[in-house]
Amino acid sequence: MDITSFVSEHPLFASAVAVSVLSAGLLYITSKRNNTDNLKIDSLWIYPIKGCRGFKVDKMVFDRIGPVGDRRYMVVDEENNFVSQRERCKMALVCPSFDDDGSLILESSQLGMDRLKVVVNKPKTVDVSIWNTIVKAQLVSPEADKWFSKALGQNVRLVTCFPPDKHKRIISPKHYTPTKEHNADVVFADGFPALLVSRESINDIDAKASVSVDERNFRPNIIVKGAVAWDEDTWLNVSIGALDFKNAKPCSRCQVPTIDPENGTFNKRFEPIKSLKKYRALRDVVYVGNNLVHLKNGTIQVGDQVQVHAFKSPIMGWRSQLLSALRLQ
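Treat the numbers as computed from the prediction; the structure is a model and nothing was measured.

Student: When you look at the overall build of the protein chain in this model, what are you seeing that I'm missing?
Tutor: A count of helices and strands for the protein chain gives 6 helices and 19 strands. Out of the 329 residues belonging to the protein chain, those deemed buried represent 52%. A separation of at least 24 residues holds for 71% of the contacts in the protein chain among residues at least 6 apart in sequence. For the protein chain, the computed accessible surface area is about 16000 Å², with 52% contributed by carbon and sulfur atoms.

This is the structure in structure tokens:
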């Protein structure tokens, strides 16, 4: 008998559990105030091209549209729809970087591709689609298009965003309200400027999944250490160094975390998503990490203190604990 059937046949039990969970939740969220004194930035990640490999940085600069250098480029197909690892898992093997002059460098020895320094000449404006939202972008170069088409085995083009003061792609009004002081947009990330997860949550996934995983499976920008696993679900308003952030919403997960970042292949057992569905899913959707919106421009760096100024209801935390108890996970 599954949990849903059991609860349906035992309404008194369900009521008792609901009261217990609500009470535990209130104690849980209150206790968080005493567990956030030693939070620091563990690592920072930049992903120059949406869907391609990222790299660690010591410092991260935020301008109006997010971390500078992060997802400012994107691959699109012949219909100008974005292409990601969901369709082309080999994108995990493309290693973009930046030259000393700021030029984008494309490399992938695993795909047999030569190194290419991307030079943008007289960019042409084109409308591209990201999750059914039309955004104006700029074509990069025929050389970059040819490089990516060969690497991925289909006709694609590389585009880049407009400068921060001209780029327009609003963040969902449901989760963020612009202010006079700061009107943030998002570049080519799925929906929000930055993604945060704790080192302890990553370690928890690695311990419970049947395959070894690390942060590369989940592609966060900011990794915090010093928390209890999944505490970040309860953080609402956060400051990192001198920058303030709002935790807009939990990050829902598709099949990308099941791609091995070393060889660009899907895990046949659908791990770690299969394991995460046992304790990190709502309505069969897995959530890992939290989407952040920065409330001003500035710089953060590894080692910066993280302070939590306001908390929110840890619904995922309650569900996780209840399912773990009932299923003896």
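Student: Would you take a moment to explain the sheet that holds strand β8 (residues 113-117) for this structure?
Tutor: Backbone-to-backbone hydrogen bonds pair the strands of a sheet. The strands run either parallel or antiparallel. Taken together, 3 strands build an open sheet; the order of strands is β6-β7-β8 and the sheet is antiparallel. Of all strands in the sheet, those bounded by a partner on one side alone are β6 (97-98) and β8. Here helix α3 (residues 142-152) sits on the sheet and contacts β7 (104-108) and β8; the angle it forms with β8, its principal contact strand, is near 155 degrees.

Student: Can you walk me through the confidence of the model for the protein chain in this structure?
Tutor: Low pLDDT marks regions whose predicted coordinates should not be analysed in detail. Confidence in the prediction for the protein chain averages 88 pLDDT; 85% of positions are at 70 or higher. Here residues 324-329 is a poorly scored stretch, pLDDT under 50, and it has 9 contacts once near neighbours within four places are set aside; other chains count.

Student: Explanation requested: the sheet that holds strand β4 (residues 66-67) in the structure shown.
Tutor: If you trace the 3 strands from one edge of the open sheet to the other, you get β4-β3-β18, paired in antiparallel fashion. The open sheet is flanked by β4 and β18 (298-301), the only strands paired with a single partner. In this structure, strand β3 (residues 59-63) lies alongside β4, joined through 2 bridges in antiparallel fashion. Along β4, the bridge assignment pairs F62 with P67.

Student: So what exactly am I meant to see when it comes to the side chain of D204 here?
Tutor: In this structure, D204 sits in helix α4 (residues 199-208). In contact with D204, other than residues within four places in its own chain, are A229, W230 and Y279.

Student: Looking at this structure, I do not really get the environment of S84. What am I missing?
Tutor: Here S84 lies in the loop between β5 (73-76) and β6. According to the relative accessible area criterion, S84 is buried, its value standing at 3%. For the pair formed by S84 and C52, sequence separation is 32 residues and the distance between their alpha carbons is 7.9 Å.

Student: Looking at this structure, I do not really get the nonpolar core. What am I missing?
Tutor: The tendency in soluble globular proteins is for nonpolar side chains to be buried side by side. Core analysis: the biggest nonpolar cluster contains 22 residues, and F62, I222, V224, W235, I240 and I300 have the highest contact counts within it. At the level of elements, β1 (40-46), β3, β12 (194-198), β13 (222-225), β14 (235-240), β15 (243-253) and β19 (306-311) are the ones that each hand at least two residues to this core. Apart from residues no more than four positions distant in its own chain, I300 is found in contact with L44, D58, K59, M60, F62, I222, I240 and L243. Formed by 20 residues, the second largest nonpolar core is a distinct cluster that contains C52, Y73, M113 and A151.

Student: What exactly am I supposed to notice about the pattern of salt bridges here?
Tutor: Opposite charge on two side chains permits them to pair, given that their charged atoms come into close proximity. In the structure shown here, the tally under the stated rule is 16 salt bridges. A salt bridge links D127 to K136; the shortest N-O distance between them is 3.0 Å. For the salt bridge of D214 with R216, the shortest nitrogen-to-oxygen distance reads 3.0 Å. Overall, the relative accessible area of 30% leaves R216 in the partly exposed class.

Student: What is the right way to look at the packing of aromatic side chains in this model?
Tutor: What characterises a pair of aromatic rings is the spacing of the ring centres plus the angle enclosed by the ring planes. For the structure shown, the criterion picks out 5 aromatic pairs. Between W45 and Y47, the ring centres sit 6.3 Å apart and the planes meet at 15 degrees, which makes this aromatic pair stacked. In this arrangement the basic side chain of K208 is found over the ring face of Y279, its NZ or CZ atom lying 4.1 Å from the centre.

Student: What exactly am I supposed to notice about unusual backbone geometry here?
Tutor: As a rule of thumb, non-glycine residues mostly have phi less than zero, and peptide bonds are mostly trans rather than cis. The omega torsion across E271 and P272 is 10 degrees, close enough to zero to call that bond cis. Relative to the helices and strands, P272 resides in the loop between β15 and α5 (273-276).

Student: Can you walk me through the pairing of β13 in this structure?
Tutor: In the case of a regular strand, side chains alternate between the two sheet surfaces. Relative to β13, β1 runs antiparallel, the two sharing 4 bridges. Opposite L44, over in β13, you have I222 as the bridge partner. Looking at chain direction, β12 and β13 are connected through 3 bridges and run parallel. Each residue of the ladder has a partner; that of S198, found in β13, is V224. Between β12 and its parallel partner β13, the chain crosses via α4, and the hand of that crossover is right-handed.

Student: Before we go on, may I ask you to explain the environment of L196 in this structure?
Tutor: By the element assignment, L196 lies in strand β12. The spatial distance from the C-alpha of L196 to the C-alpha of I223 is 5.9 Å, given a sequence separation of 27 residues. Once residues lying within four places of it in the same chain are set aside, the contact partners of L196 are I222, V224, E232, W235, I240, G289, N290 and L292.

Student: When you look at the side chain of D145 in this model, what are you seeing that I'm missing?
Tutor: By the element assignment, D145 lies in helix α3. For the buried D145, no salt bridge is present, and the opposite-charge side chain at shortest range is R157, 5.2 Å distant. In contact with D145, other than residues within four places in its own chain, are V156, R157 and L158.

Thresholds applied
- Residues numbered from 1 in each chain as written.
- Predicted model: local features only at pLDDT ≥ 70, side-chain atom pairs only at ≥ 80, totals over all residues.
- Heavy atoms only, no water.
- Helix = DSSP H or I, 4+ residues; strand = E, 2+ residues; numbered from the N terminus.
- Buried < 20%, exposed > 50% of the residue type's maximum accessible area, 1.4 Å probe, protein only.
- Contact = heavy atoms within 4.5 Å.
- Areas by Shrake-Rupley, 256 points an atom, 1.4 Å probe, with all protein chains shown as cover.
- Pairing = 2+ DSSP bridges.
- Axes fitted to C-alpha atoms, helices over the stretch in contact; angles between N-to-C directions.
- pLDDT = per-residue confidence, 0-100.
- Core = buried A, V, L, I, M, F, W, Y, C linked by side-chain atoms within 4.5 Å.
- Salt bridge = Lys/Arg side-chain N within 4 Å of Asp/Glu carboxyl O.
- Phe/Tyr/Trp six-rings, centres within 6.5 Å; stacked < 30°, edge-to-face > 60°.
- Lys NZ or Arg CZ within 6 Å of the ring centre and 35° of its normal.
- Right-handed = clockwise from strand over helix to strand, strands pointing away.
- Lys, Arg positive; Asp, Glu negative; His and termini not counted.

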